[in-house]
Structure formats: structure tokens, C-alpha cells
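Results of the structural survey
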Amino acid sequence: MAKRLILKIGHTGQDVRVLQALLGIKNPDGIFGANTRNNVIAFQKKCGLVADGIVGPITWDALDYNPEEFHADTDTVTSATWIEKYHLPEGEYVHEKTSKKYIFLHHTAGRHNPYKTIDDWATDQRGRVGTNYVIGGIPADADPANLSSVQSKYNGRVLQAIDDKYWGHHLGPNGSSFMTKHSLSIELCSAGALTLRNGKYYTWYNAEVHPDQVAVLPKNFRGTRYFHKYSDAQLKSLEALLYHLSEKHDISLADGMQKLPVEEMFEFSQSAWKGGITGLLSHTNVRKDKSDIFPQHEIIEMILSF
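Structure report, in brief. (Residues numbered from 1 in each chain as written. Predicted model: local features only at pLDDT ≥ 70, side-chain atom pairs only at ≥ 80, totals over all residues. Heavy atoms only, no water.)

Quick look at the layout of surface pockets
Of the voids in this model, the second largest pocket is the one considered here, and its volume is about 670 Å³. Looking at which element gives the most residues to the lining of the second largest pocket, the answer is helix 5 (residues 114-123), with four residues. When its residues are assigned to classes, the lining of the second largest pocket shows five nonpolar, 13 polar and ten charged. (1 Å grid on protein atoms, 1.4 Å probe; cavity = no way out; pocket = protein on both sides within 12 Å on 5 of 7 lines; lining within 4 Å. Points joined across faces, edges and corners; volume = space filled by probe spheres on them. Helix = DSSP H or I, 4+ residues; strand = E, 2+ residues; numbered from the N terminus. Nonpolar A, V, L, I, M, F, W, Y, C, P; charged D, E, K, R; others polar.)

Here's the deal with the pattern of salt bridges
Counted under the stated rule, the structure contains ten salt bridges. Residues Asp 61 and Lys 97 are paired through a salt bridge, measuring 2.3 Å at the closest nitrogen-oxygen approach. In this pair, Asp 61 is assigned in helix 3 (residues 57-62) and Lys 97 in the loop between strand 1 (83-85) and strand 2 (102-107), connecting sequence segments 36 residues apart. In this structure Lys 97 comes out as partly exposed when scored by relative accessible area, which is 39%. For Asp 289, the salt bridge identified is with Arg 287, shortest N-O distance 2.8 Å. What makes Arg 287 buried here is its relative accessible area of 12%. (Salt bridge = Lys/Arg side-chain N within 4 Å of Asp/Glu carboxyl O. Buried < 20%, exposed > 50% of the residue type's maximum accessible area, 1.4 Å probe, protein only.)

Some details on the packing of aromatic side chains
Overall, the coordinates contain eleven aromatic pairs when judged by the stated rule. Taking the centre distance of 6.3 Å and the plane angle of 25 degrees together, the rings of Tyr 102 and Phe 104 count as stacked. Neither residue differs from the other here; Tyr 102 and Phe 104 are each classed as buried. Three or more aromatic residues link up through ring pairs in this structure, and these residues are Phe 221, Phe 227, Tyr 230 and Phe 294. Looking at Lys 288, its charged tip hangs above the ring of Phe 268, at a distance of 5.0 Å from the centre. (Phe/Tyr/Trp six-rings, centres within 6.5 Å; stacked < 30°, edge-to-face > 60°. Lys NZ or Arg CZ within 6 Å of the ring centre and 35° of its normal.)

Details of the environment of Asn 113
Residue placement: Asn 113 occurs in the loop between strand 2 and helix 5. Using a relative accessible area of 18% as the deciding quantity, one classes Asn 113 as buried. For the pair Asn 113 and Glu 90, spaced 23 residues apart in sequence, the C-alpha separation works out to 22 Å. A polar side-chain atom of Asn 113 sits 2.9 Å from the main-chain amide nitrogen of Tyr 115. Of the polar contacts made by the side chain of Asn 113, one reaches the side chain of Tyr 154; its length is 3.4 Å. (Polar contact = N/O pair within 3.5 Å; in protein donor to acceptor, adjacent residues only side chain to side chain.)

Overview of the pairing of strand 5 (residues 183-188)
Counting buried positions along strand 5 yields six of six residues, so the element is predominantly enclosed. Side chains Ser 183, Ser 185 and Glu 187 project from strand 5 onto one buried face, and the interleaved Leu 184, Ile 186 and Leu 188 project onto a second face that is buried too. Strand direction decides the pairing type here: strand 2 and strand 5, joined by six bridges, are parallel. Along strand 5, the bridge assignment pairs Phe 104 with Ser 185. Alignment of strand 3 (residues 133-135) against strand 5, held across three bridges, turns out to be parallel. Looking across to strand 5, one finds that Val 134 is bridged to Glu 187. (Pairing = 2+ DSSP bridges.)

Structural notes on the packing of helix 8 (residues 232-249) against helix 10 (residues 297-305)
For the pair helix 8 and helix 10, interaxial distance at closest approach is 11 Å and the crossing angle is 20 degrees. Between helix 8 and helix 10, the crossing angle belongs to the class labelled roughly parallel. Crossing of helix 8 against helix 10: the hand is right-handed. When helix 8 is examined against helix 10, the residues Leu 235, Leu 238, Glu 239 and Leu 242 are found in contact with a partner set consisting of Glu 298, Ile 299, Met 302 and Ser 305. (Axes fitted to C-alpha atoms, helices over the stretch in contact; angles between N-to-C directions. Parallel < 35°, antiparallel > 145°, perpendicular 65-115°, else oblique. Left-handed = near helix turned anticlockwise from the far one by under 90°. Contact = heavy atoms within 4.5 Å.)

A short note on the nonpolar core
By size, the foremost hydrophobic cluster in this structure holds 41 residues, and its most contacted members are Ile 103, Ile 186, Leu 238, Leu 242 and Phe 266. By residue number, the principal contributor to this core is helix 8, which donates five residues. Excluding residues that lie within four positions of it along the chain, Ile 103 makes contacts with Leu 184, Ile 186, Leu 242, Leu 245, Ile 251, Leu 253, Gly 279, Leu 280 and Leu 281. Core analysis: the next-biggest nonpolar cluster, separate from the first, contains 13 residues, Val 16, Leu 19, Phe 32 and Phe 43 among them. (Core = buried A, V, L, I, M, F, W, Y, C linked by side-chain atoms within 4.5 Å.)

Quick look at the side chain of Thr 36
Looking at where Thr 36 falls in the secondary structure, it is placed in helix 2 (residues 34-46). On the basis of relative accessible area, Thr 36 is assigned to the buried category, the value being 3%. Thr 36 has contacts with Leu 19, Gln 20, Leu 23, Ile 25 and Ile 31, leaving out every residue within four places of it along the chain.

So this is what it looks like as C-alpha cells:
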């Protein structure tokens with residue numbers, strides 16, 4: 001039977017049998033029924049965890065067990081080897097273990113280098129601000145059809161700034177402290193909103209943007225129709241990362257934005273602001289003053305495909 005990183009009532013198999021043994025249940029039968037759930041809840045309460053009866057990364061960690069290790073062998077590599085750990089220093093994120101119910105999408109409204117993004121978070125004066133992951137891009141002035149090795153070196157590269165177990169302040173003011181603590185966050189390196197002057201497009205830091213990197217929306221979004229495109233490599237990495245996190249944390253990618261009407265998918269939602277919509281969300285769903293992420297056609301298609 002395939003490995004399960006998340007276990008809950010109704011599941012069966014070897015992972016459940018291991019869980020039952022770790023909980024001290026006599027004669028483990030590999031069936032996650034009411035008795036196993038009650039034992040999980042009792043263990044979670046004893047450890048000060050959210051007592052929901054669901055065994056995810058935080059509960060596995062408290063049990064000092066990693067199901068990935070049980071299923072691994074020495075002649076294969078995991079699908080997550082493309083994620084590079086480049087963690088923020090201690091004190092620059094919240095060292096509190098939380099289960100995850102949401103995944104939020106952001107963009108930096110800055111430059112293309114994911115290492116510099118994380119370094120800036122590490123040295124700024126705003127406190128424990130940052131996202132779990134950062135995906136690099138290409139310089140806004142580069143020709144995407146003719147990139148040099150220097151221009152393309154970060155394109156689609158995925159860095160982990162904060163371990164999934166922990167969290168950083170990434171949403172700003174919203175209606176749910178629970179949502180802030182229990183969300184994973186992904187940052188796409190992008191220059192963000194652009195301005196049009198004399199037939200040319202410019203970033204907020206006054207760099208002229210290559211025309212092939214300009215997304216022109218059919219109508220204004222948060223005050224403008226012009227944005228720096230998320231690159232093909234970024235979108236490919238984002239899709240892979242979303243599938244990885246969805247499996248790891250049992251977060252349905254079909255929940256969240258996909259449940260909203262297409263024309264409202266990136267708009268502010270009062271219910272989302274209050275933490276009432278779990279799954280995959282955009283920063284724009286919980287903030288009226290933000291444009292990350294913007295409704296690029298390829299992003300819409302990706303979300304609708306989940």
C-alpha cells in the first residue's frame with residue numbers, strides 16, 4: 001500500500017499499524033477506527049497539540065517518527081530533492097510547530113534573486129516576517145527567449161526559508177490569527193505591478209521591462225492592467241511544489257480559490273479574511289491593498305486543473 005503522510009479515521013495499512021504501536025495500542029490491526037482516533041486525541045492533548053485526531057507532520061514529530069524514513073530505501077531519491085534549504089536565522093521566524101490548513105501564494109514585488117529576498121528578510125527590522133518558500137525568477141529587463149546563464153540561474157529555483165513545521169508573518173492584518181499560524185506560504189520573485197510610460201513598461205524601481213515579460217490583463221486588477229509575468233519555469237516549479245505540499249500536509253488544492261467564481265478567484269473574500277476558507281489561497285483573497293498574486297492566465301489554468 002502507498003505511504004500516507006497524513007492518517008485519519010478510515011485509513012488502513014502498515015502506517016496505521018506503526019502508529020498504533022507507537023501509541024501503545026495492544027494488538028495493532030492497521031485499522032484507523034474510533035479507538036485509534038481516541039488514542040491519537042489523548043496523545044495530542046498530552047503534547048499540547050491541536051487535538052483533532054488527525055496524524056500529520058506535527059503529530060508524527062511528537063511521536064519521534066518519520067513515515068518518509070520507513071518507506072525510503074538507499075537506491076532512490078525523494079521527489080523533494082529539488083527544494084534547497086536556505087533557512088532564515090533563528091529569531092527571524094516563529095519557532096512554533098503548527099499543523100497546516102492553508103497554502104498562500106505571494107509575489108515579492110521585487111527582483112529575481114530568491115537568496116537576496118531571504119537575506120533581506122533576515123536583516124530587515126520588521127521582525128519575524130517571511131514565507132516558507134521562495135521561487136526565483138528572471139530579471140524584468142531580460143529577453144525570456146534569449147537568456148544568458150547569469151539571467152537564468154535562479155529561474156524556477158525553489159528555496160525553503162522556513163521549515164514547514166514553523167511559520168512566519170506573511171499576511172499582514174487579517175481576521176484570523178489561526179490562519180496566519182496554520183498556513184504555508186510561497187513567494188514568487190516578480191517585479192509585480194508595472195507602469196506604462198511612452199509605450200514602454202517600467203517596474204516601481206524604474207527598470208524598463210522586456211515586452212515579452214509583460215502580462216496585459218483584460219481589465220484592471222488592483223489599479224493596473226500591467227504586471228511582470230511569472231515565468232514558465234516558475235510556474236512549473238510552483239505546480240510541483242503545490243502537489244508536494246498538498247500530499248505532505250493533506251491540503252486539498254481543489255479547495256480555496258477554485259471554489260470561488262473564476263471572476264472572483266483573486267478578489268478579496270470576507271470569509272477568507274476570517275480564515276473560513278481553507279486550501280489554496282492568494283494574498284489578494286485576504287487583503288484589499290495587495291496585488292500578489294495577480295490573475296495571470298497560466299495561473300488561472302493551473303488552479304482550475306487541481
